[in-house]
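Chain and residue survey
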Amino acid sequence: MKKHSKHKELIMLPLLFVAILLCIGGHFILQPSYQDSSIAEYSLAALPFILFAIVIIAIKMAIKAEQKDP
């Protein structure tokens, strides 16, 4: 069993915070006061794709960190 490095996990924290902020922002945009805004509609449509891109970046970072570790 490999030991986990804290440094590897700390590198992922900014991605986690960005994902959390995007989720909170998406719920904020869903408010009825933004119902007629077209920019809100486009932002909500792009939100899953942005989150999926963050997941791909996190996976690539994890693979690179595992390959670096002997």
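In this report, we go over the structure that sits alongside the text. Worth saying up front: this structure is predicted, and the values here are computed from it rather than measured.

Each value, and the rule that gives it
Residues numbered from 1 in each chain as written. Predicted model: local features only at pLDDT ≥ 70, side-chain atom pairs only at ≥ 80, totals over all residues. Heavy atoms only, no water. Helix = DSSP H or I, 4+ residues; strand = E, 2+ residues; numbered from the N terminus. Rg over C-alpha atoms; globule rule 2.2 N^0.38 Å. Buried < 20%, exposed > 50% of the residue type's maximum accessible area, 1.4 Å probe, protein only. Areas by Shrake-Rupley, 256 points an atom, 1.4 Å probe, with all protein chains shown as cover. Lys, Arg positive; Asp, Glu negative; His and termini not counted. Charge placed at Lys NZ, Arg CZ, Asp CG, Glu CD. Axes fitted to C-alpha atoms, helices over the stretch in contact; angles between N-to-C directions. Parallel < 35°, antiparallel > 145°, perpendicular 65-115°, else oblique. Nonpolar A, V, L, I, M, F, W, Y, C, P; charged D, E, K, R; others polar. Expected span 1.5 Å × (residues − 1). Bend = angle between axes of the 7 residues up to and from the residue. Contact = heavy atoms within 4.5 Å. Polar contact = N/O pair within 3.5 Å; in protein donor to acceptor, adjacent residues only side chain to side chain.

Check the secondary structure of the protein and you find two helices and zero strands. Relative to its length of 70 residues, the protein is extended, with a C-alpha radius of gyration of 17 Å against a globular reference of 11 Å. Projecting the C-alpha coordinates of the protein onto the three principal axes gives extents of approximately 55 × 15 × 15 Å. Counting the 70 residues in the protein, one finds 10% classified as buried. Of the roughly 6100 Å² of accessible surface on the protein, a fraction of 72% belongs to carbon and sulfur atoms. Taken together, the 7 basic and 5 acidic charged side chains of the protein have centroids lying 17 Å from each other.

At a closest axis distance of 10 Å, the pairing of helix α1 (residues 6-29) and helix α2 (residues 38-68) adopts a crossing angle of 170°. Between α1 and α2, the angle falls in the class roughly antiparallel. For the contact of α1 with α2, the per-class residue count stands at 19 nonpolar, two polar and two charged.

The next thing to look at is α2. The α-helix advances 3.6 residues per turn, and as a result positions three or four apart in sequence lie on the same side. In a regular helix each residue adds 1.5 Å, so 31 residues correspond to 45 Å; α2 covers 45 Å between its end C-alpha atoms and thus fits that length. In the structure, α2 departs most strongly from a straight axis at Leu47, where the bend amounts to approximately 35° and where the proline Pro48 lies between one and four residues downstream. Of the residues making up α2, those classed as buried are Ala40, Leu47 and Ile54. On the buried face of α2, the contacting elements are α1. Capping the start of α2 is the job of one residue whose side-chain oxygen sits 3.5 Å from the backbone nitrogen of Ile39: Ser37.

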